[in-house]
Structure formats: C-alpha cells, structure tokens
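# Survey of secondary and tertiary structure
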Amino acid sequence: MLLLNGDHVRQALPVAEAHRVVAEVMRRYSGGDVVQPVRTVLGSGDSSLLGVMPCHVSGEPDAGYGLKAVLHAPGNSARGLPTHVGMVVVFDPETAQPLALIDGASVTALRTAAASAVATEALAAPDAGDLALIGAGTQARSHLLALREIRTLRRVRLWNRGSARAEEFVAWAQERADIEVELTATPADALRGADLVCTTVDTVEPVVQAADLAEGVHVNAVGSSVPGKRELDAAAVASCTVFVDSREGALRESSEIAAPVEEGLVPADRPLTEIGEVLLGKHPGRTAPAERTLYKSLGMAAQDVASGFAIVRAARRLGIGTEADFTC
C-alpha cells in the first residue's frame, strides 16, 4: 500500500489532470455509473464534524471501490493547520487489497477547484474573466489556479474577513501565479461587475446578496457544505439558474438550496440540473447572456475516489510515495 502526502498528491495530480478526472467522473455519476450514498456526518457537540463517504465508480480508468473520511476542525485555523483533515483510501479492483492511503485535504482542494473549473467551463460566458474571490484560504488558492487554466483572468478581486490572511493571499498569488489581486473592503465591492465568482468561506450568515451579483455572472459556491451553512442569501440563489454536482446530495444537505423554497421565492419542484447532465448533453447549460448561473458544490465521494485512483497510477509511474506492507 502506498502512503501519499500532500506534496505527493500535488505532484501526481496537476491542475489539468484533476480537471480531466473530475469532468469524467461527473459524467459517469449523472450517467448512472457511480454507486454513492449520501455521506454520513457525525457531530460531537462541539464545532467539529466527521464525514464518511464511500462509493464505487465504474468504467476505465480511475474506477473501483474507495472512501473518504474527513474531519472538519475549525479550531485548526488558529493553529495554522488545515481546517479539513482526512484521508482517501482506494482498493485494488481485483484483489481488494488497499492500494493507497492518501492525504485527504490536498485531494479535496484539487478536486473541488477542478469541479468548479468544469462548471465554469460549461456554464460561464465565453469571455468571462473578471473574477471575485470570497475567502482567502486553501480553496481560494486552488480555485485561482484552476480557473486561470480555463479563462483569461483580466481582473481578480478578493474579500476576506481577516486582513492578514488576505494580504498573504495577494503575495502568494503574485509569486505563485503571477496574478495581481486587488483587496476590497466588503464582499459587495469584490462582486461588483464580476462575471466569475468563487465563494469559499465557511459561514452561517450569508455574505453574498442578490443585489451584489452582476447580470450574466457565473457563481461557484463551495464554502458551505453542510446543513445550516450558507454563503449566498435566498434571494441571490433564487435569482440564478442552479446547477449541482449531485441532485440527491443537494436536496438533502444544502441550506442554500433549501432556503429559497422555505422563503417562498422558488417552487419546491424547481429544477436542479447536475453538471454531469450538461456535460452529457442532456441540458444546454446557460441559455442567455444575462442569465445568472450558480454551481452549488457539496463535493462527492466519486470525485475523491476517481482522483485517488488517478493519483495512484501517476505515483507508481513517478516512483513517489512510501510503500507500507498491509498484508497479514
């Protein structure tokens, strides 16, 4: 069994390959080639949460059984540690032996941003390139790297609650991506006129209002992934055509999807189209230049597991990782 840390993951799964893997598994999911229950989430009474997500992906390559276990530890932010800590495990399709134990945080960062890039490519206006980032953490960084691969970014604006982390992001973006990032005082300032938006903050109180969103904007909302958390208010969500990674997961787990229905802004049977259905040609995606589109990302085990198999293949080829004997 291979043990693969974050550096190994980033070496084995570059941004372009993550995009390919995630796009393919989203097609397979919407095409019925994935068995994936809605994740089990446990809480202990404090603010921590444990999510466990098994699945099976059919097809070749990057297929088989696997699971992801992730622990959300908000207190880690003050410790300078990732707030999402976990692992991805994939099993040999023939022998059932564990193939690899993979750092979950790095897989999550790559596949989440890759999914947003897939959604952006499918839904955003062809000339979209004015990007607003809400949040300055790991996901904001991975999203900037992923979106610059598929769009020419003319302008990037950032809002974050803490100024120190925002300034660190600006310096990182200049050094790592050669991109100049403008800091803004409010979310509305970052969003004004933007035609691409990525929200990456873990929040109960929404920070994006309907009036902040430009006509024709595409939004990737990724920061709130459990019930009770929302980045966009109900009116903002109601103003968009909504797309999801998993319809079943979104209906059961997303407060952003539920709130507009509860507030009477949209009907309970409002269509929710999966990105995989757009990729398969079952839905046209954006249908008008002024249409606002929203990709509500909750993440799927299938994205992690397919990424895990791709990482193992690349790690074997590159000769990276630590071998551990897991047999009796």
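The preceding data block contains the structure.
Residues numbered from 1 in each chain as written. Predicted model: local features only at pLDDT ≥ 70, side-chain atom pairs only at ≥ 80, totals over all residues. Heavy atoms only, no water.

## Looking at the overall build of the chain
Secondary structure assignment for the chain yields twelve helices and 16 strands. A compact globule built from 328 residues would reach a C-alpha radius of gyration of about 20 Å, and the chain, at 19 Å, matches this within 12%. Overall, the chain is about 60 × 45 × 45 Å in size when its C-alpha atoms are taken along their principal axes. Classification of the 328 residues of the chain by burial places 56% in the buried group. For the chain, contacts bridging at least 24 residues in sequence account for 72% of all contacts bridging at least 6. About 14100 Å² of surface is accessible on the chain, with carbon and sulfur atoms providing 53% of the total. Treating the 30 positive side-chain charges of the chain as one cloud and the 41 negative ones as another, the clouds have centres 1 Å apart. (Helix = DSSP H or I, 4+ residues; strand = E, 2+ residues; numbered from the N terminus. Rg over C-alpha atoms; globule rule 2.2 N^0.38 Å. Buried < 20%, exposed > 50% of the residue type's maximum accessible area, 1.4 Å probe, protein only. Contact = heavy atoms within 4.5 Å. Areas by Shrake-Rupley, 256 points an atom, 1.4 Å probe, with all protein chains shown as cover. Lys, Arg positive; Asp, Glu negative; His and termini not counted. Charge placed at Lys NZ, Arg CZ, Asp CG, Glu CD.)

## Points about a nonpolar patch on the surface
On the surface, L42, L50, V52 and L71 cluster together into a nonpolar patch covering about 300 Å² of accessible area. Here V52 lies in strand β4 (residues 49-57). Taking relative accessible area as the criterion, V52 reaches 33% and is therefore assigned partly exposed. (Patch = residues over 30% accessible without salt bridge, like charges linked within 9 Å, V, L, I, M, F, W, Y side chains within 5 Å. Salt bridge = Lys/Arg side-chain N within 4 Å of Asp/Glu carboxyl O.)

## Topic: the sheet that holds strand β11 (residues 196-199)
As summarised here, the arrangement of the eight strands in space is β10-β9-β8-β11-β12-β15-β13-β14, forming an open sheet in which the pairing is parallel. Single-partner strands in this sheet number two, and they are β10 (182-183) and β14 (273-274). With four bridges connecting them, strand β12 (residues 218-221) and strand β15 (residues 293-296) associate as parallel partners. Across the sheet, N220 pairs through a bridge with Y295, a residue of β15. (Pairing = 2+ DSSP bridges.)

## Quick notes on the pairing of strand β6 (residues 84-91)
Of the strand pairs in this sheet, strand β5 (residues 64-72) and β6 are connected by seven bridges, and their pairing is antiparallel. Paired with L67 across the bridge in β6 is V89. For β6 and strand β7 (residues 98-103), the ladder comprises five bridges, and the chain directions are antiparallel. Across the sheet, residue V90 finds its bridge partner in β7, namely A100. What sits between β6 and β7 in their antiparallel hairpin is a turn of six residues, with A96 showing a positive phi close to 70°.

## A few points about the side chain of E253
As for its position among the elements, E253 is in helix α9 (residues 247-253). The buried category is assigned to E253, whose relative accessible area is 10%.

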